[in-house]
Amino acid sequence: YTDGSGTATLNTDLKGYISRDDGVTYTQGTLVLQGTTGGHNIVTFHDLDISSQPSGSAMRYKITTHNQGVSKETRIQAASLGWS
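An account of the accompanying structure is given in this report. Here the structure is a predicted model, which is why all the values come from computation and not from measurement. (Residues numbered from 1 in each chain as written. Predicted model: local features only at pLDDT ≥ 70, side-chain atom pairs only at ≥ 80, totals over all residues. Heavy atoms only, no water.)

### Let's talk about the pairing of strand 4 (residues 32-37)
Put simply, side chains in a regular strand alternate between the two faces of the sheet.
Part 1 of the argument: Pairing geometry for strand 4 and strand 5 (residues 40-44), over five bridges, is antiparallel. Looking at strand 5, one finds that Thr 37 is bridged to His 40.
Part 2 of the argument: Counted along the chain from strand 4 to the antiparallel partner strand 5, the turn is two residues long, and its residue Gly 38 has a positive phi close to 60°. (Pairing = 2+ DSSP bridges. Helix = DSSP H or I, 4+ residues; strand = E, 2+ residues; numbered from the N terminus.)

### Looking at the environment of Val 32
Part 1 of the argument: Here Val 32 is to be found in strand 4.
Part 2 of the argument: Take Val 32: its relative accessible area is 40%, and that puts it in the partly exposed class. (Buried < 20%, exposed > 50% of the residue type's maximum accessible area, 1.4 Å probe, protein only.)

### Looking at the packing of aromatic side chains
Part 1 of the argument: In total, this model carries zero aromatic pairs according to the counting rule given.
Part 2 of the argument: Positioned above the aromatic ring of Tyr 17 is the side chain of Lys 62, whose terminal nitrogen or guanidinium carbon lies 5.0 Å from the ring centre.
Part 3 of the argument: Seen from the ring of Tyr 26, Lys 62 lies directly overhead, with NZ or CZ sitting 4.5 Å from the centre. (Phe/Tyr/Trp six-rings, centres within 6.5 Å; stacked < 30°, edge-to-face > 60°. Lys NZ or Arg CZ within 6 Å of the ring centre and 35° of its normal.)

### Digging into the pattern of salt bridges
Part 1 of the argument: For the coordinates displayed, the defined rule picks out three salt bridges.
Part 2 of the argument: Among the ionic pairs, Lys 72 bridges to Asp 13, the shortest N-O distance being 2.8 Å. Highlighted residues: Lys 72 in the loop between strand 6 (60-65) and strand 7 (73-75) and Asp 13 in the loop between strand 1 (2-5) and strand 2 (14-19), separated in sequence by 59 residues. This pair shows no difference in class: Lys 72 is buried, exactly as Asp 13 is. (Salt bridge = Lys/Arg side-chain N within 4 Å of Asp/Glu carboxyl O.)

### Description of the nonpolar core
Part 1 of the argument: The biggest cluster of nonpolar side chains holds five residues, and these are Tyr 1, Ala 8, Leu 10, Leu 14 and Leu 31.
Part 2 of the argument: Look past the residues within four positions of Leu 14 in its chain and what remains in contact with it is Tyr 1, Thr 9, Leu 31, Ile 63, Thr 64, Thr 65, Thr 74 and Ile 76. (Core = buried A, V, L, I, M, F, W, Y, C linked by side-chain atoms within 4.5 Å. Contact = heavy atoms within 4.5 Å.)

### Some points on the side chain of Gln 53
Part 1 of the argument: Relative to the elements of secondary structure, Gln 53 occurs in the loop between strand 5 and strand 6.
Part 2 of the argument: For Gln 53, a relative accessible area of 4% gives the class buried.
Part 3 of the argument: Of the polar contacts made by the side chain of Gln 53, one reaches the side chain of Thr 27; its length is 2.7 Å.
Part 4 of the argument: If we ignore the near neighbours within four places in the chain, the residues touching Gln 53 are Ile 18, Ser 19, Arg 20, Asp 21, Thr 25, Tyr 26 and Thr 27. (Polar contact = N/O pair within 3.5 Å; in protein donor to acceptor, adjacent residues only side chain to side chain.)

### Topic: the sheet that holds strand 2
Part 1 of the argument: What the three strands build is an open sheet, ordered 3-2-6; its pairing is antiparallel. Edge positions in the open sheet fall to strand 3 (27-29) and strand 6, since each of these has one partner strand only. Recorded for the sheet is a direction-independent mean angle of 35° between the axes of neighbouring strands.
Part 2 of the argument: As defined by bridge partners, strand 2 adjoins strand 6 across six bridges and the pair is classed as antiparallel. Within strand 6, the position partnered with Tyr 17 by the bridge is Lys 62. (Axes fitted to C-alpha atoms, helices over the stretch in contact; angles between N-to-C directions.)

As structure tokens, this is what we get:
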């Protein structure tokens, strides 16, 4: 992600979630900054326990932004989902 204006705070202004039941139930992960490349911030979350969700294998993710406005604009450039 990049900050278009202002500075996003991970897990407050930018949040990530995972679902294994086709997006019916989501669990929030804790985003961690891994570094930057080409001016973009790279964030991840992993090892998230989703055992409390209904069983399933229709994996979905969502990324949400919060507290956005003229003084804060967060831009998402790319996302991927992997599991084992």
